[in-house]
Structures are given as structure tokens and as C-alpha cells.
Amino acid sequence: VAISTVGKLQKSLSQFNYNTAEIQIQRLSNGTLEIKKSLIKNDVLSFSAAGKISADRTTSFMDWPLNINANLRGAGEYKDYFTILGFADNQPAPDGLTQGPGVEFTGSINNLKNDLEQRLQAAIKNIQAGINSNNQNPSQGTPTGPNPTNAVPKKINPFESILGR
């Protein structure tokens, strides 16, 4: 179940159709771009991020080093995915979205790297090993979510809500 959940999640994220994008960036005196707020979302998935793109006068803008921390939150099938994989934090949110994985972006725009695949693989390994995989986000503190081995995903097409079908 965990492996198929990761596959469905990765595919649906690659086809993410958003309704709203809000981004607030401040240019610092040294040229560094500070991403104060970034929120990209639709009705069932939210992607928020903050971080910086550090100015490096010896390279082109597209090669400036970046460090951005992001969080995914979701409803519907995403809530199921995040719970099964142990990312849900069991904290009720006013907007009804469930905490998903955190993601760190590094590298540069030309060479963008992220750790989402490693976090998803770690969640699968923990589930396969029978380790309590609750709250796979180390920055979120003590694990508090339900045991994902007890969760049963509902059989739905994960792309219906994203693609508007």
C-alpha cells in the first residue's frame, strides 16, 4: 500500500494544477532574494515555502545558491496519502488540510535538488520495518499521528479533484 501511495502521490504532484499562487519576495541590500511567503494551492493541496536565493556576483542569477523549505498539506486523497505514509500530525487545522511531508530545496534554479523522494523512501522503509512511522517531518517535533498500518486508503482516482474531473 505504501509503495503504491508514493507512486500516486509523486504522479499527482507532477501534474499539480493550482488555483492560487501568492508569493512575497524581498531583495536584500546584498542582492539576496528572501522568499518571505510562497503559497500555491488548489482545493485539495497546498504548497507553502520560505527561504532564500543567495546573491553570488561571480555567477549568473540562475546559478545562485538557494535554500528553501516547503510544506505540503492536503485534503481528500492527499489526507489519505499523508496519513498512510506517517506525515499527518493529527492536529486539526482551520482550513481542513492535513500536514504532509516537508521538502527542502537546495542547489540553484539551474540545478534544483530536493529531498522529497528521500523522505518518501524513508517513510516506506519505516512502514516495511514495522517502525512507527508517525510524523516523518523531523521539524514538526514529537510524532503524534495515527499508526498508518491501520489506515485503509479509499479506492479513488487521485487525479479527479486535481484535474477537475
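Not measured: the values here are computed from a predicted model. (Residues numbered from 1 in each chain as written. Predicted model: local features only at pLDDT ≥ 70, side-chain atom pairs only at ≥ 80, totals over all residues. Heavy atoms only, no water.)

This paragraph deals with the overall build of the protein chain. Along its length, the protein chain carries four helices and six strands. Element order for the protein chain, N to C, with α for helix and β for strand: α-β-β-β-β-α-β-β-α-α. The buried share of the protein chain, reckoned over its 165 residues, is 41%. Relative to all contacts within the protein chain whose residues are 6 or more apart in sequence, the contacts with residues 24 or more apart total 54%. Summing over all exposed atoms, the protein chain offers an accessible surface of approximately 9300 Å²; the carbon and sulfur share of this is 49%. (Helix = DSSP H or I, 4+ residues; strand = E, 2+ residues; numbered from the N terminus. Buried < 20%, exposed > 50% of the residue type's maximum accessible area, 1.4 Å probe, protein only. Contact = heavy atoms within 4.5 Å. Areas by Shrake-Rupley, 256 points an atom, 1.4 Å probe, with all protein chains shown as cover.)

Enumeration over the complete set of coordinates arrives at five aromatic pairs. Ring geometry for Tyr78 versus Phe82: centroids 6.2 Å apart, planes at 40°, classification tilted. Note that Tyr78 and Phe82 are positioned in helix α2 (residues 77–84) at a spacing of four residues, about one turn of the helix. Take Tyr78 and Phe82: they sit in the same class, and that class is buried. An aromatic cluster is defined as three or more aromatic residues linked by ring pairs; in this entry it consists of Tyr78, Tyr81 and Phe82. (Phe/Tyr/Trp six-rings, centres within 6.5 Å; stacked < 30°, edge-to-face > 60°.)

What follows concerns the sheet that holds strand β4 (residues 66–74). Pairing within the open sheet is antiparallel, and its six strands lie in the order β1-β2-β3-β4-β5-β6. Every other strand in the sheet has two partners, leaving β1 (20–27) and β6 (112–114) as the edge strands with one partner each. When strand polarity is set aside, the average angle formed by the axes of neighbouring strands in this sheet is 15°. On top of the sheet, helix α3 (residues 116–128) reaches β5 (98–107) and β6; it is set at about 135° to β5, its chief contact. (Pairing = 2+ DSSP bridges. Axes fitted to C-alpha atoms, helices over the stretch in contact; angles between N-to-C directions.)

Next up on the list: the pairing of β1. Both β1 and strand β2 (residues 33–41) contribute to a ladder of eight bridges, which runs antiparallel. Following the sheet pairing, Ile25 is matched in β2 by Ile35. In this structure, the hairpin formed by β1 and β2 is closed by a connection of five residues, where Gly31 is found at a positive phi of approximately 95°.

Our focus in this paragraph is the environment of Gln26. Residue position: Gln26 is located in strand β1. You can call Gln26 partly exposed: its relative accessible area is 34%. Not counting the four nearest positions on each side in its chain, Gln26 is found in contact with Thr32, Leu33, Glu34 and Lys36. Polar side-chain contacts of Gln26 include one of 3.2 Å to the side chain of Lys36. (Polar contact = N/O pair within 3.5 Å; in protein donor to acceptor, adjacent residues only side chain to side chain.)

Read these as spatial facts, not as claims about activity.
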